[in-house]
Amino acid sequence: MKQLLVSIWVSLVVALVLGAASPSLQAQMGDIEAGFKKPSAAEELVLRSLLAEPVPQSVMFDVLRRHFQAKDRAATVLGDSAAREKLLRQAIGVMPDPVWKNNLARILIERGEFSEGNELTRQAVAGTSDRFVKAFFLAYIACDLVAQNRKNDARTAVLEVTKAVQAAESEARADSQKLVLHRAMGTSSRCLSALEERAGRYPLAVQAAELSEKMARLALLFANADNPATRLEKTYLHADVAKSIARKLQAYRAAGQFHAAENALADYMQFSRDVQLPVSYLSGIYATAGNLRFAQREFAQSEQLMRKSDAVLESLGGAPLDAGRASRARDIFIALAGQKKWPEALAVIEQLDKLAGDDARLKSRVLYRFDRAFVYFGNQRYAEAAALFENVARANLSAFGQNHFFTAQSAGLQGASLWHLGDSESRAKALPLLKAAVRDYMAPVNADFLENAGVRRDLRDIVFAAYLEAMANTPGQDATQTLGAADWVRGGVVQEALGDAAVRAAASTPALADVVRREQDAKNEVMGIRRYLAGEAGGVSTPLPAIASQMRERVAVLEKERVLLQAEIKAKFPEYERLVRPTPPTVQELARQLDPQQALLMLLPTVDAVYVWAVASDRPAAFVRAKLNQNQVNTLVARLRRQLDFASGMAIGARFDHAAAFELYNALLASLSAAWQGKTQWVVAAGGSLSQLPFGLLQTRASARSSASSSSSIKVSDQVFDANTPWLIRDVSITQVPSLSAWLAIKSIGGVKVGNEALMAWGDPVFNAPTAAVAAPSAPGGAVQARSIALSRAATLANLDSGPVAYAPAALRYGDIPALPETRDELLAIAAILKANPANDVILGARATRDSVLAASKAGLLANKRVVAFATHGLMAGDLPNLHQPALAMAATGAEAGNPLAPLLTLEDVLTLKLNADWVVLSACNTAAADGRAEEALSGLARGFFYAGGRSLLVTHWAVESDSAKELTTATFAHYTANPQAPKAESLRQAMLKVMAMPKFSHPAFWAPYALVGDGGR
């Protein structure tokens, strides 16, 4: 038996790693019910008739046994638990076989009636002298102990099963004996898997679950199909296999192996089609599918599946507080909590409490301490949440130890609840809990628990928000030291993109870097699909079942590829783990990385305040909690941006909100001047709506205009913007970074040699090849051309002084997109400054196609360019029908007649590019605008170019005007070329100063939209 188990485990590992072809992943609700093999109406009638037959009197035990076996099978197949319990109680009164007591015990324990169930199991074990059957009963005892959360007793029981099987296997001759031993091992392994999962030992949980399924399937092979007496046994064996597959799915899910879990779900569904499982197992399939969707953050889908599961149990006569239905209610309210439907989640809990009444046993059954506490917190019932989280934290400390992830999570949530209570005593208790939780959250030993599974991210954000609030508001605490934690928790896909680029740069050989890139590409594709399925991309609701199935199948393939690629990387790249999971930087570490001229600032907006840190190399760090709440910050940013964006249709250049520009500076930065005074180069990491604003247009002092009403009209012709206007950009150059860890990642790339050749650029694409019409607004021409399509808003503007322009929807062909002939001159001027070859390096007009960009990357041309530039229209998701990702408008080819999106260079394309560029210039609109995710500092295009290999990006926060764009970009590269030691950020600053000095471009709408993101140094 030992050798058999070892060989089974080895074969399963090999199958998992090598990735045998997966079955079709059909996990939608309709597929589940349609495929489930139920009794036909005629079969159900026969089974019901059988159940109604009276118990025969004065017959031999064999006849009586067959009578009860037939009835037991009928009740089991029908899922009629009440009828089955009734006949089992009849059986144990007249039959000597202990199996009847064991079977009745299963029903009672599953229902939560542990006392009577445990006693019946004890009697069943004591009542048998058959060592094979005894091993089988012992396996169920182990499972019962797991169900009752008696972990230590359960482990002891599992060991007893193993010893009993080992003692009996040498005597196993008959198939029936081998069958019982395999069932015993399969059952105990299944319950051991659940035990290991609860302990957080996920690899062991997976191993035990896979062994359980193998044993259950082997037991099925030993069943004698020709013997009528074994029909009931076959029903039990089928149920064993189904339970083992479900357990395997849950173990994979807990381990974060979602691709394997999808395969297990498909196995479960296929098995239900092949055999006739008890009808109650339909509920189990819905539940396991719902758990998987919850882990994948598809909360709405999870809720629907759990409601389906509960409906099946209800149809079978299950009472609302039976263990199964109570568990479904828990699954439903936590799925509602995942959707932030707090009142609805609380209503489910209150209904459970109402049904439980004063019954202590039922109240305990529906307590669900951790999940209930989460819902209480979301409903601002902080005292109740704190008490429950404290109880969970105490249990986790005992089970997992002081620094474990689960301990940190529950204790941190206890601390957050106490802090929100607001009284001094509660807050005094909260701070040490929050400090310890944040420390342990970030510990490398807990990195594996930080996958974006279920509501873990939401819970983490609660803890970190309370921690920052507590440190900022507790006298005697050094709040500057929270900087690393704040940066760690707000890290997003931009930071990951830069981290990925740094890892590739650190790879020892190009071949290894290519392997790393392939693994990262697979990860990015998986993330994109997951976001789509979760409804987080483009406002997507639940996708069509067939599409969702294909997407999940693609994820399964990619995840299997990643298993192999990660194994290869780790074997050849010892530093890999440290690089992909860096320790959050401390204030002191950041200070050591700064040049004497630099100051580093981070701004983190939250619901109630903005947290601001300032760090320099030669003075103490500074911190402030600015009393601007999220709504106030958003309002101030909106007040500024509405007067700056050429795609807005407003009379841009006619007015400016000086008051808002000074108010933001004064509230967020002025009080930290001791930390940055005299520093000429700023590195700024700003979150939320602040990431949508170029800091250079903030004003450093109040003026008559600053105190004036923001609604007053200030004309360019009035010369209100002059050398005395206190723009922040006059004093400092500014580099934006998505996070501090991202900045450190960029610096680590800085030593890698960039491309040898000067430039490759695309511009002035021809949009007027014959095309099919697309639905979008058109716009009249005007004196000023905005470099933006912004089809959902406006395409061109009339004269600046004429006020807002009205636009009427009309059919627009791709060829109607306004041409950008001035970009031709812009790129040729940059090429001349950089001494590039315009014939080969500047691709214009009809040649500036999407395919030409992809071909240049594939041929290795892009990887050898120091500067890569795109001067064309930029689009955001929604600017064209069916456009769900940011893109650049490239030259038409005629393919757009069948597909209006065919000419676009999309984010998906950008992620495939291979660059090694010091500059990527996106002289287009909205390339730095937030794309619907407030925590991200850059749009998808900017993130994509970072990932592709750009060191720094010159991007724009809003649609730009073309003439000023040409002046600014050429001036930037002229300064950069003429001043070999000057930082890139300084070259951009000097260009801004030059452009703003031109009277017609003095309004910040012309010079302020540009941002240097990434490495602002030389």
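Here's a quick rundown of the structure. Only a predicted model underlies this, so the values are computations on that prediction, with no experimental measurement involved.

Rules behind the numbers
Residues numbered from 1 in each chain as written. Predicted model: local features only at pLDDT ≥ 70, side-chain atom pairs only at ≥ 80, totals over all residues. Heavy atoms only, no water. Helix = DSSP H or I, 4+ residues; strand = E, 2+ residues; numbered from the N terminus. Buried < 20%, exposed > 50% of the residue type's maximum accessible area, 1.4 Å probe, protein only. Contact = heavy atoms within 4.5 Å. Areas by Shrake-Rupley, 256 points an atom, 1.4 Å probe, with all protein chains shown as cover. Pairing = 2+ DSSP bridges. Salt bridge = Lys/Arg side-chain N within 4 Å of Asp/Glu carboxyl O. Disulfide = S-S within 2.5 Å. Axes fitted to C-alpha atoms, helices over the stretch in contact; angles between N-to-C directions. Parallel < 35°, antiparallel > 145°, perpendicular 65-115°, else oblique. Left-handed = near helix turned anticlockwise from the far one by under 90°. Nonpolar A, V, L, I, M, F, W, Y, C, P; charged D, E, K, R; others polar. Core = buried A, V, L, I, M, F, W, Y, C linked by side-chain atoms within 4.5 Å. Phe/Tyr/Trp six-rings, centres within 6.5 Å; stacked < 30°, edge-to-face > 60°. Lys NZ or Arg CZ within 6 Å of the ring centre and 35° of its normal.

**Focus: the overall build of the protein chain**
Next up, step 1: What the protein chain contains, in helices and strands, is 41 helices and 18 strands.
Next up, step 2: Across the 1018 residues that make up the protein chain, the buried fraction comes to 56%.
Next up, step 3: Put simply, 73% of the contacts in the protein chain that link residues at least 6 apart link residues at least 24 apart.
Next up, step 4: A total of about 39900 Å² of accessible surface is found on the protein chain, and carbon and sulfur atoms cover 54% of it.

**A short note on the pairing of strand β11 (residues 865-871)**
Next up, step 1: Summarising burial for β11: six of the seven residues are buried, a large majority.
Next up, step 2: As paired strands, β11 and strand β15 (residues 919-922) are joined by four bridges and run parallel to one another. When the bridges of β15 are listed, V867 appears paired with W919.

**Remarks on unusual backbone geometry**
Next up, step 1: At Y368, a residue that is not glycine, the phi angle is positive and equals roughly 45 degrees.
Next up, step 2: As for its placement among the helices and strands, Y368 is situated in the loop between α18 (360-365) and α19 (369-378).
Next up, step 3: Located in the positive-phi region is D764, a residue other than glycine, with phi close to 45 degrees.

**As for the side chain of T735**
Next up, step 1: Structurally, the position occupied by T735 is in strand β5 (residues 733-736).
Next up, step 2: T735 sits in the buried class, given a relative accessible area of 4%.
Next up, step 3: Discounting residues that sit within four places of it in the chain, T735 has contacts with W682, V683, V684, A985, L1012, G1014, D1015 and G1016.

**Digging into the pattern of salt bridges**
Next up, step 1: Going through the model one piece at a time under the given rule, you end up with 50 salt bridges.
Next up, step 2: One salt bridge connects E171 with R131, and the closest N-O pair in it is separated by 2.7 Å. Linking E171 in the loop between α9 (151-169) and α10 (175-198) with R131 in helix α8 (residues 131-147), this pair joins segments that are 40 residues apart in sequence.
Next up, step 3: By relative accessible area, which is 38% here, E171 ends up partly exposed.
Next up, step 4: A network of salt bridges, in which partner residues are shared, links E85, R89, R111, E113 and E116.

**Some words on the state of the cysteines**
Next up, step 1: Evaluated as defined, the whole model comprises one disulfide.
Next up, step 2: Sulfur-sulfur distance for the disulfide between C143 and C191 comes to 1.6 Å. Judged by the sign of its S-S torsion, about 95 degrees, the cystine formed by C143 and C191 is right-handed. Pair noted here: C143 is in helix α8 and C191 is in helix α10, with a separation of 48 residues, a long-range link.
Next up, step 3: You can call C191 buried: its relative accessible area is 9%.

**Some details on the packing of α10 against helix α11 (residues 202-221)**
Next up, step 1: At a minimum axis separation of 7 Å, α10 and α11 run at an interaxial angle of 160 degrees. When the interaxial angle is binned, α10 and α11 end up roughly antiparallel. Taken as a pair, α10 and α11 cross one another with a handedness that is left-handed. Across the interface between the two elements, L179, H182, R183, M185, G186, S189, R190, L192, S193, E196 and E197 from α10 touch Y202, L204, A205, A208, A209, L211, S212, M215, L218 and A219 from α11.
Next up, step 2: Residues that form the contact of α10 with α11 fall into these classes: twelve nonpolar, five polar and four charged.

**A closer look at the nonpolar core**
The tendency in soluble globular proteins is for nonpolar side chains to be buried side by side.
Next up, step 1: Counting residues in each nonpolar core, the largest one holds 78 residues, and the members touching the most others are F333, F374, L434, F464, L483 and W613.
Next up, step 2: Looking at this core element by element, the count peaks at nine residues for helix α23 (residues 456-473).
Next up, step 3: In this structure, L483 is in contact with V587, L590, M602, W613, V615 and L740, ignoring residues within four places of it in sequence.
Next up, step 4: If you look at the next biggest cluster of nonpolar residues, it comprises 76 residues, including A660, L672, W676 and W958.

**Here we look at the environment of A124**
Next up, step 1: Relative to the elements of secondary structure, A124 occurs in helix α7 (residues 114-126).
Next up, step 2: Non-local contacts of A124, meaning those with residues more than four positions away in its chain, are made with P98, K101, N102 and F137.

**Some details on the packing of aromatic side chains**
Next up, step 1: Taken as a whole, this structure holds 28 aromatic pairs when the rule is applied.
Next up, step 2: On the numbers, 6.2 Å between centres and 40 degrees between planes, the contact of F136 with F137 is tilted. The same class applies to F136 as to F137, namely buried.
Next up, step 3: Relative to Y140, the ring of F136 lies with its centre 5.1 Å away and its plane at 80 degrees, an arrangement referred to as edge-to-face. Taken together, the residues span about one helical turn, with F136 and Y140 both in helix α8 at a distance of four residues. For the pair formed by F136 and Y140, the shared burial category is buried.
Next up, step 4: A network of ring pairs unites the aromatic residues F400, F405, F406, Y441, F464 and W488 as a single cluster.
Next up, step 5: A cation sits over an aromatic face here: R427 above W419, 3.9 Å from the ring centre.

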